[in-house]
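Architecture at a glance
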Amino acid sequence: MNQQELIAMLGRISKIMVENRNYLIELDSVVGDSDLGLTMTDGFQAAYDAVSDGSEPDLGKLLYKAGKTMGNKVPSTMGTLMAAGLMRAGKTLKGKTELSGTDVTALFEAYEAGVADLGKAKLGDKTFLDGFHPGVQVLKAGVEAGESLEEVFEKAALAAWEGFEHTTTMIAVHGRAATRGEASRSLKDPGAAVAALIMKAFADK
Amino acid sequence: MNQQELIAMLGRISKIMVENRNYLIELDSVVGDSDLGLTMTDGFQAAYDAVSDGSEPDLGKLLYKAGKTMGNKVPSTMGTLMAAGLMRAGKTLKGKTELSGTDVTALFEAYEAGVADLGKAKLGDKTFLDGFHPGVQVLKAGVEAGESLEEVFEKAALAAWEGFEHTTTMIAVHGRAATRGEASRSLKDPGAAVAALIMKAFADK
Amino acid sequence: MKKLINVPENYVNEMLEGIYLAHPDYVTYTEGDLRCLVTSNKVEGKVGIATGGGSGHLPLFLGYVGKGMLDGCSVGDVFQSPSAEQMLHVTKSIDSGAGVLYIYGNYNGDIFNFDMAAEMADMEEDIHVESVVAGEDVASPKAAPGEKNTRRGVAGIFFVYKCAGAAAAAGKDLQEVKRIAEKAAANVRTMGVALTPCTVPRVGHPGFEIGEDEMEIGMGIHGESGIRRGKLETADEITSEMMEKILEDIPYCAGDEVAVLVNGLGATPLDEQYIVARKVNLILEEKGIKVHRYYVGEYVTSIEMAGLSISLLKMDEELKGYLDAPADTPFFKQGIV
Amino acid sequence: MKKLINVPENYVNEMLEGIYLAHPDYVTYTEGDLRCLVTSNKVEGKVGIATGGGSGHLPLFLGYVGKGMLDGCSVGDVFQSPSAEQMLHVTKSIDSGAGVLYIYGNYNGDIFNFDMAAEMADMEEDIHVESVVAGEDVASPKAAPGEKNTRRGVAGIFFVYKCAGAAAAAGKDLQEVKRIAEKAAANVRTMGVALTPCTVPRVGHPGFEIGEDEMEIGMGIHGESGIRRGKLETADEITSEMMEKILEDIPYCAGDEVAVLVNGLGATPLDEQYIVARKVNLILEEKGIKVHRYYVGEYVTSIEMAGLSISLLKMDEELKGYLDAPADTPFFKQGIV
Ligand SMILES: Nc1ncnc2c1ncn2[C@@H]1O[C@H](COP(=O)(O)OP(=O)(O)O)[C@@H](O)[C@H]1O
Ligand SMILES: Nc1ncnc2c1ncn2[C@@H]1O[C@H](COP(=O)(O)OP(=O)(O)O)[C@@H](O)[C@H]1O
Ligand SMILES: [Mg+2]
Ligand SMILES: [Mg+2]
Ligand SMILES: [Mg+2]
Ligand SMILES: [Mg+2]
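Residues numbered from 1 in each chain as written. Chains lettered and ligands numbered in written order. Predicted model: local features only at pLDDT ≥ 70, side-chain atom pairs only at ≥ 80, totals over all residues. Heavy atoms only, no water.

1. Here's the deal with the packing of helix H3 (residues 36-51) of chain B against helix H5 (residues 77-93) of chain B
Residue and element names in this part refer to chain B. Rules: Axis lines are fitted through C-alpha atoms, for helices just across the contact stretch, and the angle between N-to-C directions can take any value from 0 to 180 degrees. Numbered from the N terminus, helices here are DSSP runs of H or I no shorter than four residues, and strands are runs of E no shorter than two. Take the far helix as your reference; a near helix turned counterclockwise from it by less than a right angle gives a left-handed crossing, and one turned clockwise gives a right-handed crossing. Contact criterion: two residues are considered in contact whenever any of their non-hydrogen atoms come within 4.5 Å of each other.
Direction vectors running N to C along H3 and H5 enclose 35°, while the axes themselves pass 9 Å from each other. Considering only the axes of H3 and H5, their crossing is right-handed. Along its contact with H3, which presents Leu36, Met40 and Phe44, the element H5 presents Met78, Gly79, Met82 and Leu86.

Okay, here's the thing in structure tokens:
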């Protein structure tokens, strides 16, 4: 994956958030404050805009800059977590101008670690991680098995979506949704939907 | 008119206000703040209660006390003006234990003067005075012509009512209604209705 | 009617009980009547300043009793004057021989009762009382020159309290305190806008109706009709319209120095009040009018009405000195900067 | 949506412009960013205290920047955290070598950004930062002992600011100021009730629906669900229910000494807040709990929500000393004249 492809990827994430703006608003309006559709479209758009001119050849720095911009633009829960994910991915890939399959895996693992370290959520806490983690696992396995990135993303996106759907078995323990306790169980987690959409953006290449 | 008759008169004023409570509220709701039905029933009731035990033989002091009580009870525009009228009537009749026809005229003239001095309204300003004054004039003329108080009150009440109806030709220049300027003209003045009702209470003896 | 209250009949007295227990260092009451509020810190020899009026406007009126402002306040039912006798009680309590100044809004019920109280104070208590009536709502009709003021009193009375209170605290005599109060009253203008009505607890329903997309410019603080009802506009448009009416009234001219009060009517958030203050500033800058001080917040409310008012006080050095003086009341505190 | 605003996108910045022009003696901003508010009166050598959070809660947060309280505040969009970078700007501006304490509410967005900011302050600026998170809403679930606090922060943060601010003003070092802040945070409890929703300007419609005769007990300041929705009851009944939940939580016992904050959420008139204060007093008297001070008014709002909250701070002599110390900020002044 070269610079143009990585930038295009960020563009597609931004686009898929726009397409699912109302869906995210709707999900967040049930458990939270309805802002997720706005923050994710504004945030990923800003992230994309910050790097789309292609002036940054270092893909690590490119991701870091995209993340920092997103954090400044939308400092909500998910905005900040996504910023932390992008920045950690950037730190991890610093110096690369081209990404191998393994690098892509590293990108996603670092993204997950960045979110996990800041958010301190465990799997099963009904968060972004519960959508993202299954996708990253499938991605990693596929890349290790030597499958093509296209195939792998397809499967990873499915796994992430299933993870998202599966959040209806969990009780929220973080953020606004947590105040509902047991009543939060039957509801889909909006942050996990964002995870599934990010994966889908890569698959829809 | 002896003490018992004067007290009964106050009682009838109180009663006629109760009977016309909603009418006064309605009138005041169009031009003012809808309180007139409440203040007049509460106020005249308190005035009556303050003197109804008959312990005050001095009719001047009796009226003064009734007025002061009313002022304490309902310190609204009309409440205070009615208090001022009663208190002035009381000052004028101080020392009397029985009222002649001329004394009754004096009572009403003093009542009007008390209201006029405090309120500083002129005739035609669309106030209480525009109902009360015509009644007092007829009363005075009748008493001077030697007619019976019963006859006289009958005529005075009619004149007061006409005065009240006639307020639809005037522009309000005092109180809440004044903010409407020309638009106040077509409306009946609630305070003038009170004047007509007071006169009617005497007539309905 | 959606209110956190008990029976409407107890609204005012229960509120007052809360006031006394929250502010014992500032205020107490006289003659055993909760509605006759007086300062806990009487200053001997000072001109006393009393105000009064209907409830429903907190922090007006009673909230300004304290050091550097007022000495006493009688309180009526919601939107109803207190009685002359209650005013007299307060007058007696706060007088210390230097006489008492009444400052109150231009409403019939208040005028009649304060007039009666002044007469009783003179006749029964030998207390010298003077009165200043505040009426500065440019949305209400202006009296012909020489005629008595026909304008409603609204938030501008805050400036009258502040200047007169500082003059009294400075040891000025009754005539001088009255002169300062009159000067402030003559130099303040106000205009308001309402977005929603308010409900008098004992009445139980809103005082007027207004569409979900409507505003009324110039409405009075009891819901008296304003100068124009229309579709809700932007804060900048509304502010411009109100400022135009205010500025042309005295008029306020380039080179003038003013104090600005942006006053929330009850339900309007502070944020919106500051958004309006910002536009007021832009307009004044453009006109070359200098702002000496801003006051923003709820100074005079209409129960839970949404909306706000803008008041301008035109000042010379004398008024500025009194406006800048310190004050310490339950609801208004200003230090020496 | 009935608001006196211009375009919703400019709501926060236009509000801030109003704040700076109205309070130039108190506050200014750093790095050219209106949302990075800092004191105009930096005290060298003093521990800096910073807060921050979403707009829509005025006078929280920025209103408490001033002498004896806070030194800086970053401001986000309505109900949205400011960014870590904005927090860092404020941190850099207010630090004078003694380190900086962050005090903020227990919300995800704020926590994540303050954590990032603290890391950046340490890594990039060598500024020592400590954090105290305030979360005291007894309507939100209590964490198991030893677990991290899961409760929402609401109006009680005012007490944390006040005590920590006084400790910093008294020249205490960072660890000591942090200890005082933690002590205040550990000893305050709050519960609220909402009667109407509020509307985030950019959203344009109310955050939730509630019947014309309904209330929600325990609702959070962004409209987070409370513990019970039901028919509107009397002020005394509602106060009793809230006080019961508050009192049993620490618990507060006979002989304890407390400060009470009755806080209006925006649209509820002061009258109603005092009516509730009166009932709080009756309940505390009955329980033998002594009230050292009352605070009544709008301290932490939810835009134009109707409702209020009650906070109790349990105090020992140390906290009492800090609570009683003078403070002078745009929105809170105590003992300054
Ligand atoms: N500690 C956490 N770690 C990871 N994800 C979290 C955490 N807390 C919340 N989230 C995610 O954030 C989502 C809500 O994000 P957002 O709408 O931005 O929150 P808010 O508007 O309350 O700031 C939740 O659906 C959840 O997936
Ligand atoms: N200056 C005045 N002199 C005599 N009557 C007056 C005067 N001003 C107002 N009124 C009368 O008072 C009436 C309104 O009384 P009220 O309802 O008590 O007023 P408010 O509720 O505004 O205090 C008017 O209809 C008018 O007749
Ligand atoms: Mg959200
Ligand atoms: Mg009336
Ligand atoms: Mg309010
Ligand atoms: Mg408010």
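2. Notes on helix H3 (residues 108-125) of chain D
Going by this rule: One less than the residue count of a helix, multiplied by 1.5 Å, gives the span that helix is expected to have.
In this model, H3(D) (18 residues) spans 25 Å end to end at C-alpha, consistent with the 26 Å of a helix rising 1.5 Å per residue. Summarising the contacts, the buried residues of H3(D) are in contact with helix H5 (77-93) and helix H6 (101-119) of chain A together with strand S3 (48-55), helix H2 (84-94), strand S5 (100-105) and strand S6 (129-134) of chain D. Backbone geometry just after H3(D) places D:Asp126 at a positive phi near 55°.

3. Quick look at the site of ligand 1
This is how the line gets drawn: Each residue is tested against the molecule or strand, and it is near if at least one of its non-hydrogen atoms lies within 4 Å. Under this definition, polar contacts are N or O atom pairs within 3.5 Å; protein pairs additionally need one hydrogen-donor-capable and one acceptor-capable atom, and for neighbouring residues in sequence, both atoms have to be side-chain atoms. Values of accessible area rely on a 1.4 Å probe in the Shrake-Rupley scheme; residue burial ignores everything except the protein chains shown.
Around ligand 1, 20 residues are found, and the nearest of them are A:Asp33, A:Thr77, A:Gly119, A:Arg176 and A:Asp189. Those chains with residues close to ligand 1 are chains A and D. A distance of 2.7 Å is found between an oxygen atom of ligand 1 and a side-chain nitrogen or oxygen belonging to A:Thr77. Between ligand 1 and the protein, one listed contact pairs a nitrogen atom with a backbone N or O atom of A:Gly119 at 2.9 Å. Surface burial for ligand 1 is 93%, taken as the share of its 570 Å² of free accessible area covered by protein chains.

4. A word on the packing of aromatic side chains
Note the following rule: Stacked, edge-to-face and tilted are the three classes for Phe, Tyr and Trp ring pairs, Trp counted by its six-membered ring, which pair at centre distances within 6.5 Å; planes under 30 degrees apart are stacked, over 60 edge-to-face, the rest tilted. Relative accessibility thresholds used throughout: buried, under 20% of the residue-type maximum; exposed, over 50%; partly exposed, between the two (1.4 Å probe, protein chains only).
Taken as a whole, this structure holds 44 aromatic pairs over all chains when the rule is applied. Ring geometry for B:Trp161 and B:Phe164: centres 5.1 Å apart, planes at 75°, overall edge-to-face. Residue B:Trp161 and its partner B:Phe164 are located together in helix H8 (residues 149-166), separated by three residues, close to a single helical turn. Overall, B:Trp161 belongs to the partly exposed group, its relative accessible area being 27%. Of the residues examined, B:Phe164 reaches a relative accessible area of 0% and is grouped as buried. Both rings, one in D:Phe158 and one in D:Phe332, keep their centres 5.0 Å apart while their planes meet at 80°; by these two values the pair is edge-to-face. In this pair, D:Phe158 is assigned in helix H4 (residues 157-169) and D:Phe332 in the loop between strand S13 (327-328) and strand S14 (333-334), connecting sequence segments 174 residues apart. We classify D:Phe332 as buried; its relative accessible area is 5%. A network of ring pairs unites the aromatic residues C:Tyr64, C:Phe158, C:Phe159, C:Tyr161, C:Tyr295, C:Tyr299 and C:Phe332 as a single cluster.

5. Here we look at the interface of chain D and chain C
For clarity, the cut-off: Buried area counts how much accessible surface, traced with a 1.4 Å probe, disappears from two parts once they are put together, with both parts' losses summed. The salt bridge definition used is simple: a Lys or Arg side-chain nitrogen within 4 Å of an Asp or Glu carboxyl oxygen. Classification used: nonpolar for Ala, Val, Leu, Ile, Met, Phe, Trp, Tyr, Cys and Pro, charged for Asp, Glu, Lys and Arg, polar for all others including Gly.
On the side of chain C, 57 residues touch chain D, which itself brings 54 residues to the contact. Buried surface at the junction of chain D and chain C, summed over both partners, amounts to about 4800 Å²; 64% is from carbon and sulfur atoms. Together, D:Lys2, D:Leu4 and D:Tyr274 form the three largest contributors to the area buried by chain D at its contact with chain C, with a combined 19%. For the pair chain D and chain C, the number of links is four salt bridges. Counting across the chain D and chain C interface gives 20 residue pairs in polar contact (both at pLDDT 80 or more). Mapped onto the side of chain D that touches chain C, the elements with two or more residues apiece are helix H1 (11-22), helix H6 (235-247), helix H7 (270-287), strand S11 (290-297) and strand S12 (307-314) of chain D. In the side of chain D that touches chain C, the residues fall into 29 nonpolar, 10 polar and 15 charged.

6. Regarding the site of ligand 2
Every one of the 20 residues lining ligand 2 counts as a neighbour, but B:Asp33, B:Thr77, B:Gly119, B:Arg176 and B:Asp189 are closest to it. Surrounding ligand 2 are residues belonging to chains B and C, so the site spans chains. Here an oxygen atom of ligand 2 and a side-chain polar atom of B:Asp35 are 3.0 Å apart. Summarising the interface, the protein chains cover 93% of the accessible area of ligand 2, which totals 580 Å² for the free molecule. Residue assignment for the shell around ligand 2 shows that the elements contributing at least two residues are H5 and helix H9 (190-203) of chain B together with helix H3 (108-125) of chain C.

7. With respect to the environment of C:Val47
All names here are of chain C. One can find Val47 in the loop between strand S2 (36-39) and strand S3 (48-55). Each C-alpha atom of the pair Val47 and Met315 lies 23 Å from the other, and the pair is 268 residues apart in sequence. Among all residues touching Val47, those that are not within four sequence positions of it are Asp71, Ala98, Gly99, Leu101, Ala168, Lys172, Asp173, Leu174 and Val177.

8. Concerning the UniProt feature "domain: DhaL" (unreviewed entry) in chain A
What counts is decided by this rule: UniProt positions are given in the numbering used here, feature names are shortened, and annotations may be inferred rather than shown by experiment.
Per the UniProt record, the feature "domain: DhaL" (unreviewed entry) sits at residues 4-204 of chain A. Secondary structure across residues 4-204 of chain A divides into 71% helix and 0% strand, with the first and last C-alpha atoms of the span separated by 16 Å.

9. Quick word on the domain arrangement of chain C
All names here are of chain C. Our working definition: As annotated, the domain borders come from an automatic or database domain assignment.
Splitting chain C by domain gives domain 1 (9-185 + 322-332) and domain 2 (186-315). The partner domain 2 presents 38 residues to the 33 residues of domain 1 that form the contact. The contact between domain 1 and domain 2 buries some 3000 Å² in all, and 63% of this surface belongs to carbon and sulfur atoms. The tally of links from domain 1 across to domain 2 stands at five salt bridges. Of all elements in the fold, only strand S4 (72-78), helix H4 (157-169), helix H5 (174-186) and helix H8 (317-324) reach the threshold of two or more residues within the side of domain 1 that touches domain 2. The element that contributes the greatest number of residues to the side of domain 1 that touches domain 2 is H5, accounting for four residues. Class assignment for the residues of the side of domain 1 that touches domain 2 results in 19 nonpolar, four polar and 10 charged.

10. Let's talk about the relation of the copies chain D and chain C
Comparison of the two chain copies shows a relationship of rotation about an axis with a shift along it. This is how it is decided: Alignment of copies: least-squares fit on C-alpha atoms of residues with pLDDT of at least 70 in both copies.
When chain D is fitted to chain C, the residual RMSD is 0.0 Å, and the transformation amounts to a turn of 180° plus an axial shift of 0.0 Å. The superposition operator between the copies reduces to a two-fold rotation axis. Of all interface residues in chain D, 96% are interface residues in chain C too; the two copies therefore contact each other through one and the same surface.

11. Concerning the sheet that holds strand S2 (residues 36-39) of chain D
Residues and elements named next belong to chain D. How we decide: Strands are labelled as partners when DSSP assigns at least two bridges between them.
If you walk across this open sheet you meet the six strands as S1-S2-S4-S3-S5-S6, and the pairing is mixed. Each end of this open sheet is capped by a strand with a single partner; those strands are strand S1 (27-29) and S6. Each strand of the sheet is rotated relative to its neighbour by a mean of 25°, with strand direction disregarded. Where S3 meets strand S4 (residues 72-78), five bridges bridge the pair, whose relative direction is parallel. Its bridge partner lying in S4, Gly53 is registered against Val75. Packed onto the sheet, H3 meets S3, S5 and S6 and runs at close to 170° relative to S5.

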